[in-house]
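Coordinates in review
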Amino acid sequence: MGASGSGKTSMRSLIFSNNPASLTTRLGATIDVEQNHVRFLGDLILNLWDCGGQDAFMDSYLSTQQSTIFQHVGVLIYVFEVESRSVQRDLEYYTECLQALRKFSPDAAVFLLVHKMDLVRPPRGPVLEKKTAELRAASGDTEITVFGTSIYDESLYKAWSRIVHTLIPNASVLTKHLGKLADACNATEVVLFERTTFLVIATSSQQPPSPPAPAPSDLPPASAALSSTPSSLSSFGSHTEHGSLVHQEDDNDPHKLEPTRYERTSELIKAFKHSCTRVREEFHALEMELADFTAVLDELTKNTYVLIVAHDPTVETAALKMNIRLARKKFE
Ligand code: GTP
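The following paragraphs examine the structure supplied in this document.

About the thresholds
Residues numbered from 1 in each chain as written. Predicted model: local features only at pLDDT ≥ 70, side-chain atom pairs only at ≥ 80, totals over all residues. Heavy atoms only, no water. Axes fitted to C-alpha atoms, helices over the stretch in contact; angles between N-to-C directions. Helix = DSSP H or I, 4+ residues; strand = E, 2+ residues; numbered from the N terminus. Parallel < 35°, antiparallel > 145°, perpendicular 65-115°, else oblique. Left-handed = near helix turned anticlockwise from the far one by under 90°. Contact = heavy atoms within 4.5 Å. Nonpolar A, V, L, I, M, F, W, Y, C, P; charged D, E, K, R; others polar. Near = heavy atom within 4 Å. Polar contact = N/O pair within 3.5 Å; in protein donor to acceptor, adjacent residues only side chain to side chain. Buried < 20%, exposed > 50% of the residue type's maximum accessible area, 1.4 Å probe, protein only. Phe/Tyr/Trp six-rings, centres within 6.5 Å; stacked < 30°, edge-to-face > 60°. Pairing = 2+ DSSP bridges.

**With respect to the packing of helix H2 (residues 55–62) against helix H4 (residues 87–104)**
Following both chains from N to C, one finds H2 and H4 inclined at 25 degrees, their axes separated by 10 Å at the closest point. Considered as vectors, H2 and H4 are oriented roughly parallel to each other. Considering only the axes of H2 and H4, their crossing is left-handed. When H2 is examined against H4, the residues Asp-55, Met-58, Asp-59 and Leu-62 are found in contact with a partner set consisting of Arg-89, Tyr-93, Glu-96 and Cys-97. Grouping the constituent residues of the contact of H2 with H4 by class yields 4 nonpolar, no polar and 4 charged.

**Some words on the site of the ligand**
Ser-4, Thr-9, Ser-10, Thr-30 and Gly-53 are the nearest of the 21 residues found near the ligand. Contacts to the ligand include Thr-9, whose side-chain N or O atom sits 2.7 Å from an oxygen atom. For the ligand, an oxygen atom lies 2.6 Å from a polar atom in the side chain of Ser-10. No other element matches helix H1 (residues 8–16), which puts 3 residues into the shell around the ligand. When the residues that make up the shell around the ligand are grouped by side-chain class, the tally is 5 nonpolar, 13 polar and 3 charged.

**Focus on the environment of Thr-265**
Secondary-structure assignment places Thr-265 in helix H9 (residues 261–278). Among the residues examined, Thr-265 registers a relative accessible area of 1% and is labelled buried. Note: C-alpha distance between Thr-265 and Val-200 (65 residues apart in sequence) is 9.2 Å.

**What about H2?**
Taken together, the buried positions of H2 are occupied by Phe-57, Met-58, Ser-60, Tyr-61 and Leu-62. Tucked inside the fold, the buried residues of H2 contact strand S1 (33–39), strand S2 (45–51), helix H3 (66–69), strand S3 (75–81) and H4.

**A look at the packing of aromatic side chains**
In this description, an aromatic ring pair is defined by two values, namely the gap between the centres and the angle between the planes. Evaluated as defined, the whole model comprises 9 aromatic pairs. Taken together, a centroid distance of 6.4 Å and an interplanar angle of 20 degrees make the contact between Phe-111 and Phe-147 stacked. Of the two residues, Phe-111 is situated in strand S4 (residues 109–115) and Phe-147 in strand S5 (residues 144–148); the sequence distance between them amounts to 36 residues. With a centroid separation of 5.4 Å and an interplanar angle of 40 degrees, the aromatic rings of Phe-198 and Tyr-305 are classed as tilted. Of this pair, Phe-198 sits in the loop between strand S6 (189–194) and strand S7 (200–203) while Tyr-305 is found in strand S10 (residues 304–310), placing the two residues 107 residues apart along the sequence. For the pair formed by Phe-198 and Tyr-305, the shared burial category is buried. Among the aromatic residues, ring-to-ring pairing joins Phe-193, Phe-198, Phe-272, Phe-283 and Tyr-305 into one connected group.

**Re the environment of Thr-68**
Mapped onto the fold, Thr-68 is located in helix H3. C-alpha separation for the pair Thr-68 and Phe-104, spaced 36 residues apart in sequence, amounts to 9.2 Å.

**Section: the sheet that holds S6**
Judged by pairing direction, the sheet is antiparallel, and its 5 strands sit side by side in the order S7-S6-S10-S9-S8 without closing on themselves. Two strands lie at the open edges of the sheet, namely S7 and strand S8 (286–289), each paired on one side alone. Going from strand to strand, the sheet's axes swing by 20 degrees on average, the running direction of each strand aside. Inspection of the sheet shows S6 paired to S10 by 6 bridges, in the antiparallel sense. Bridge assignment links Leu-192 to a residue of S10, and that residue is Val-306.

Geometric descriptors of this kind do not, in isolation, establish any biological role.
And the structure:
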């Protein structure tokens, strides 16, 4: 949900329909509610409702349609335009929606996306912090998670990976199995992606795909993100600079892995897959053997891809591929 023009359909079309950001300017306003069923991990079906944000629709959701719209909600994702000209009205609608949600789906998680962050002049951190404080105040006792997002960089994948992660019932079991696969491969990390969206489902690391706290990090300029190629998977390597991103390095991490590596991989692979379709090729797998790391991205199950990254120079891609093949049965 969110005001008209805040970018709801754009993010849906990017993540779930694999369209590039440049095509979103052609999208028309959503009339009433558009429902999508996205098959996500075998039997898990994501029922996505894109609620048109024009005032007349919002008024109807909050009156006659209230019990339909807010019943059985797993997650409410409310989108706020960072430079909205009607902040007060946006907040009023939001708090009314929150009240209805509490009444009909008291257990639903609430994610707030402060969207179109690319329009904010750097430094963006303080702007996001101010907006987050405003949203927390408007949310009262309700627990919320806030992300700064833009369709022009990986920030959208970070937010959506986190959202989807909360909906997966057996995420901790997946993490355990990925940990075992990482050990078997002598790998630094194993990451599981959903096949069509390329959202991160689980990683071999104990922490969730992305931290729940609001990200005060600056977003890179759109051009930097769009011009990247999969070779930028080197975020799994040892260097740390990327545009204007503010990174907190973990001093205990010998490989200096970037905190944004998951969402950057999602974004880059999606862009690469899109390039493949333009030349009528299909994306199947990716192998990299570089001086400081080896990586394989390959199909694991019908609905997932797995990325294995090893910093051990004796590990060869053929061995990683064989282990993926052997692990398939376990994950099916
Ligand atoms: P309704 O369907 O009326 O509720 O609107 P909506 O929230 O679905 O908005 P929509 O996705 O149609 O986006 C409106 C405009 O915002 C489009 O022209 C998009 O290209 C643009 N837009 C979406 N996301 C971003 C973003 O992250 N940054 C910028 N600069 N523009 C964006």
